[in-house]
Amino acid sequence: MSEEQTKADKKPIPPERPTWDEYFMGIADLTAKRSTCLRRNVGAVIVQDRHIVATGYNGAPRGIDHCAQRGGGCLREELHIPSGERHELCRALHAEQNAIIQAATFGHSIEGGTIYITHAPCVICSKMIINAGIKKIIVGAEYPDAFSAEILREAGLMIVSLNTDKE
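Draft legend 1. Spotlight on empty space enclosed by the protein. Considering all chains together, one arrives at 1 cavity of 30 Å³ or more under this definition. Computed from the structure, the largest cavity encloses a volume of approximately 360 Å³. Taken together, 25 residues form the lining of the largest cavity, with Cys37, Arg40, Asn58, His94 and Tyr143 sitting closest to its centre. Looking at the lining of the largest cavity, its residues break down into 13 nonpolar, 7 polar and 5 charged.

Okay, here's the thing in C-alpha cells:
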C-alpha cells in the first residue's frame, strides 16, 4: 500500500475535537470542581510535551478544615478583603501552588512546562511559576492583580488568554 493511499484512507478529524489548549483547559475546569473555596473555584494543570504532570485546585492544606467545615464561612469575605489582596489571610492554597507542590512531591521536574489555569495567577503564584521554570501560562479568565501581570511580563513568560468567561 502506498503512502498516498494510506493518507487517503484516514478518516477526517471530527470538527468538535478540542485543540490541545481547549483539552487541557477543560481538565483544569474539571479539576476546579474539587475546590473547597467558597469564593472562587480554580483549577490548574501542568503539562510537558502534551502530557499531564500535575494538577491542583484551591483548598485548605491536607488535614486542615476548609472554611465551610469550620463554620462562620470565609474569613476574607467576613473582613471584606477584595480579590487579589492580602493572600495571607486565607486558609487555602491556590491551585497553582498545589499543582507545583504535587509535581515536587512525586519528583517531577516542571522546568519548561506549560500551566493551564482557570484564572490568571496572583502575584504569589506568579513568582512560584517563574521560579519553577514554567515557560507558558494559559488562562481561562482574568484575576485582579496588576502586579502579577507586571512581574510575569518582566520575566518574559508567555501568557495566553482563552477568555472562557469565568467569574
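Draft legend 2. Structural view of the pattern of salt bridges. For the coordinates displayed, the defined rule picks out 2 salt bridges. A salt bridge links arginine 39 to glutamate 77; the shortest N-O distance between them is 2.6 Å. Taken as a pair, arginine 39 in the loop between helix 2 (20–32) and strand 1 (43–48) and glutamate 77 in helix 4 (residues 75–78) lie far apart in primary sequence, 38 residues in all.

Draft legend 3. How the structure looks around the environment of serine 161. Within the element layout of this structure, serine 161 appears in strand 5 (residues 158–161). Assessed through its relative accessible area of 34%, serine 161 is described here as partly exposed. As a C-alpha pair, serine 161 and histidine 119 span 42 residues in sequence and 9.3 Å in three-dimensional space. Look past the residues within four positions of serine 161 in its chain and what remains in contact with it is Val139 and Glu142.

Draft legend 4. Spotlight on the sheet that holds strand 2 (residues 51–57). Within the open sheet, the 5 strands sit side by side as 2-1-3-4-5. Their pairing is mixed. Both outer strands of the open sheet, strand 2 and strand 5, are each paired with one neighbouring strand and no more. Between one strand and the next, the sheet's axes are offset by a mean angle of 20 degrees, whatever the strand orientation. As defined by bridge partners, strand 1 adjoins strand 2 across 6 bridges and the pair is classed as antiparallel. Residue valine 45 lies in a different strand from strand 2, and its bridge partner there is threonine 55. Across the face of the sheet, helix 2 comes into contact with strand 1, strand 2, strand 3 (114–117) and strand 4 (136–139) while running at roughly 140 degrees to strand 1. Contacting strand 1, strand 2 and strand 3, helix 5 (residues 95–105) crosses the sheet at an angle of about 130 degrees to strand 2.

Conventions used here
- Residues numbered from 1 in each chain as written.
- Predicted model: local features only at pLDDT ≥ 70, side-chain atom pairs only at ≥ 80, totals over all residues.
- Heavy atoms only, no water.
- 1 Å grid on protein atoms, 1.4 Å probe; cavity = no way out; pocket = protein on both sides within 12 Å on 5 of 7 lines; lining within 4 Å.
- Points joined across faces, edges and corners; volume = space filled by probe spheres on them.
- Nonpolar A, V, L, I, M, F, W, Y, C, P; charged D, E, K, R; others polar.
- Salt bridge = Lys/Arg side-chain N within 4 Å of Asp/Glu carboxyl O.
- Helix = DSSP H or I, 4+ residues; strand = E, 2+ residues; numbered from the N terminus.
- Buried < 20%, exposed > 50% of the residue type's maximum accessible area, 1.4 Å probe, protein only.
- Contact = heavy atoms within 4.5 Å.
- Pairing = 2+ DSSP bridges.
- Axes fitted to C-alpha atoms, helices over the stretch in contact; angles between N-to-C directions.

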